[in-house]
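The residues making up each chain are set out below.
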Amino acid sequence: MPVLHIRLIPGPDGLTKIHLSNPLRSQKLRLEYAAISKAANGYAQNHLFIRLPFASASQIHTATRRGYLLLPTQASTTGLETHSFGSGLPVECDHIPEVFEAQILDSTGSPLTSATNIAAIDLYFSYETHSLF
């Protein structure tokens, strides 16, 4: 099964532009693993939100924010925090374009930028096929 790796680096307004080598057709993804790289003084909140445009429309819901994936995190100092989702968190997705923007928000809904002590978030998805048809 192919793996889709998406690296989110906080930018202005919490937006990250993602460039894939080619677009992917609509299919079922499974979020297998997430890694949160904390920098400087760490991250002082207990979770963050991620909006993925190919899945946010109707596939991901939390009790507090519709259309955003919630990742728990420990309020801690610098380091790497990892999350494994066992057999994978299923996410049905729309067509994934070659270039898209994802958004990262802190637990209060404010955009995460490079000044908020999150260096990067890596998401690893497995999926059915890399074919466009």
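Just so it is clear, the structure is predicted and the values come from calculations on it, not from any experiment. (Residues numbered from 1 in each chain as written. Predicted model: local features only at pLDDT ≥ 70, side-chain atom pairs only at ≥ 80, totals over all residues. Heavy atoms only, no water.)

K.L.:
I keep staring at the pairing of strand 5 (residues 69-72) and nothing clicks. Help me out?
P.N.:
Moving residue by residue along a regular strand, the side chains alternate between the two faces of the sheet. In strand 5, alternate side chains face the same way, and those of Leu69 and Leu71 are buried while those of Leu70 and Pro72 on the opposite face are not. Of the strand pairs in this sheet, strand 4 (residues 47-51) and strand 5 are connected by four bridges, and their pairing is antiparallel. Of the residues in strand 5, the one forming a bridge with phenylalanine 49 is leucine 70. (Buried < 20%, exposed > 50% of the residue type's maximum accessible area, 1.4 Å probe, protein only. Helix = DSSP H or I, 4+ residues; strand = E, 2+ residues; numbered from the N terminus. Pairing = 2+ DSSP bridges.)

K.L.:
Whenever I open this one, the pattern of salt bridges confuses me. Can you help?
P.N.:
Under the defined criterion, the tally for this structure stands at two salt bridges. Between arginine 7 and aspartate 122 there is a salt bridge, with its nearest N and O atoms 2.8 Å apart. Within this pair, whereas arginine 7 is found in strand 1 (residues 3-8), its partner aspartate 122 is found in strand 8 (residues 118-127), the two being separated by 115 residues in sequence. Accessibility expressed as a relative area gives 41% for arginine 7, which makes it partly exposed. Under the relative-accessibility criterion, aspartate 122 is labelled buried at 5%. (Salt bridge = Lys/Arg side-chain N within 4 Å of Asp/Glu carboxyl O.)

K.L.:
Got a minute to help me understand the side chain of lysine 38 in this structure?
P.N.:
Tracing the sequence through the fold places lysine 38 in strand 3 (residues 27-38). Using a relative accessible area of 5% as the deciding quantity, one classes lysine 38 as buried. Within the structure, the side chain of lysine 38 is placed 2.7 Å from the side chain of glutamate 81, a separation counted as a polar contact. (Polar contact = N/O pair within 3.5 Å; in protein donor to acceptor, adjacent residues only side chain to side chain.)

K.L.:
Could you clarify how one ought to interpret the packing of aromatic side chains in this entry?
P.N.:
Within a pair of aromatic rings, the relevant descriptors are the distance that separates the centres and the angle that separates the planes. Following the criterion strictly, the structure yields four aromatic pairs and no others. Measuring from centroid to centroid gives 5.7 Å for tyrosine 33 and tyrosine 124, while their planes differ by 55 degrees, and the two rings are tilted. With tyrosine 33 in strand 3 and tyrosine 124 in strand 8, this pair connects stretches of sequence that are 91 residues apart. Exposure remark for tyrosine 33: the relative accessible area of 31% places this residue in the partly exposed category. (Phe/Tyr/Trp six-rings, centres within 6.5 Å; stacked < 30°, edge-to-face > 60°.)

K.L.:
When you look at the sheet that holds strand 6 (residues 79-93) in this model, what are you seeing that I'm missing?
P.N.:
Strands pair in a sheet through their backbones, by hydrogen bonds, and they do so in one of two ways: parallel or antiparallel. With antiparallel pairing, four strands are arranged side by side in an open sheet as 1-8-3-6. The strands lining the two open edges of the sheet, one partner per strand, are strand 1 and strand 6. Strand-to-strand twist in this sheet, taken as the mean axis angle between neighbours without regard to direction, amounts to 20 degrees. Pairing of strand 1 with strand 8, which is carried by six bridges, proceeds in the antiparallel orientation. The residue bridging valine 3 from the neighbouring strand is serine 126, located in strand 8. (Axes fitted to C-alpha atoms, helices over the stretch in contact; angles between N-to-C directions.)

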